[in-house]
Every structure is written in structure tokens, then in C-alpha cells.
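# Fold and geometry: a report
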Amino acid sequence: QMVEWFLVPDRTYFHLGHAWASVGDGGLVTVGMDDSAQKLVGAVSAIRLPEVGSHIGQGEKGWSLVSESKSVDMLSPVDGVVVAVNDKVLASPDRINRDPYGDGWLLKVRAPRLTANVRQLLSGSLAKRWMEEVCDNLRGVMEPTLGRVYQDGGLPVDGMARNLDPE
């Protein structure tokens, strides 16, 4: 489902750091970057993922993106051990921009504290309300240099974060 100009799929959990988690069989969690983050960052030229066997913590650095020579650290939505990384995304980072919830997944994590982690994430109507707030906050910081954007009849600008006030 779309919330304004960002995709927020059902049966997906969201971390406030703009990462998502989808729970599979046996507590295996697929993790990625949400649609709003990929649209704000724009074209991803490189990505640094943790190695298989690494431990990641909920709300801690999970991976880094590179866009126009700027590095952005992203937060993990769950605790656990990385059991797989998406080599296709490493070879072709634009998969994140084309399909953030499908081919653009980043990690598979074995999450032993999944129940506790999920309590800290948003899903369903809460995730949709949160994304509405994200959109409202973006409108408050947009500058005229963005050109025509969503609120005045235009389309969202990929990589719009580069045109926002750094504050």
C-alpha cells in the first residue's frame, strides 16, 4: 500500500531508522531499507553489509550506503546473527531503488529475541500512521529548490535528501 508517495507493505515490520523486517520460518528474518529511505537517499552507488556470522543489534548500525560519495549508516531492525547477505545487491546496488522490499533485500538474520524485537517495531496501521508523520515532517523542511514536488502536484524527487536543509 502507498502512504502518500512511499510504499508500506502489509506483513512487514518497520524500524524508525527506516529499515524493515519480514519474519520467515523458524525465526529467520529478512531485512532491508524501506522505500522512504531509498527515495530520500536516491541512487545508491555502493553498499557495505556485515559479513555472514556477524552479530547485529536492534537500533545499532546494520549497514552503510554510499550515494554521491556520501556514506549513510542505517540501523538494524532486529538483533541477531547474519546468516546471509544479498550478493546481487552488492553487485548491483540499484536493486535497492528498484525493489526495496523484494530483490533489494539486504540481510537474512537469525533473531533469537524476535518476540522482543517485534514489540519495538511498527506494522499495519501504526506503520502507515508513522509514514504519514514522516511525510508531514518532510513537507516542513522542503525548500523551494526542490522544484515541483508532491504537495504542489509534482512527483517525489529521488534523492531529495540532498536538497533538504542539513538540520
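Below is a summary of the structure that appears in this document. Along every chain, residues carry numbers that run from 1 in the direction the sequence is written. Since the coordinates come from a predicted model, pLDDT governs what is reported: local features require at least 70, and pairs of side-chain atoms require 80 or more to be given and counted, while whole-chain, interface and lining totals use all residues. To get the side-chain values, take all heavy atoms of the structure and skip hydrogens and water.

Criterion used throughout: strands pair if DSSP finds at least two bridges between them. Runs of H or I in DSSP of at least four residues are treated as helices and runs of E of at least two as strands, each being numbered from the N terminus. Strand order across the open sheet formed by three strands is β6-β8-β9, with antiparallel pairing between neighbours. At either end of the open sheet lies a strand with only one pairing partner, and these are β6 (46–48) and β9 (70–75). With strand direction ignored, the average angle separating the axes of adjacent strands in the sheet is 20°. Pairing of β6 with strand β8 (residues 61–67), which is carried by three bridges, proceeds in the antiparallel orientation. Within β8, the residue paired with R48 across the bridge is S64. All axes are obtained by fitting lines to C-alpha atoms, using only the stretch in contact for helices, and the reported angles, taken between N-to-C directions, cover 0 to 180 degrees.

Only buried residues count toward a nonpolar core. Its members are Ala, Val, Leu, Ile, Met, Phe, Trp, Tyr and Cys residues joined through side-chain atoms within 4.5 Å. Summary of the burial criterion: residues with accessible area below 20% of their type's maximum are buried, those above 50% are exposed, and those between are partly exposed, where the area comes from a 1.4 Å probe applied to protein chains only. Residues M33, I47, W63, L65, I96, L106 and L107 are the most contacted members of the largest nonpolar core, which totals 25 residues. For this core, the elements supplying multiple residues, two or more each, are β4 (19–23), β5 (28–33), α1 (35–41), β8, β10 (80–85) and β11 (107–110). At three residues, the largest contribution of residues to this core is made by β5. Setting aside residues up to four positions removed in sequence, M33 forms contacts with H18, A19, W20, Q38, V44, W63, L65, M74, I96, P100 and L106. The next biggest cluster of nonpolar side chains, apart from the first, holds 15 residues, and it includes F6, V8, Y101 and M131. Every residue pair with non-hydrogen atoms within 4.5 Å of one another is taken to be in contact.

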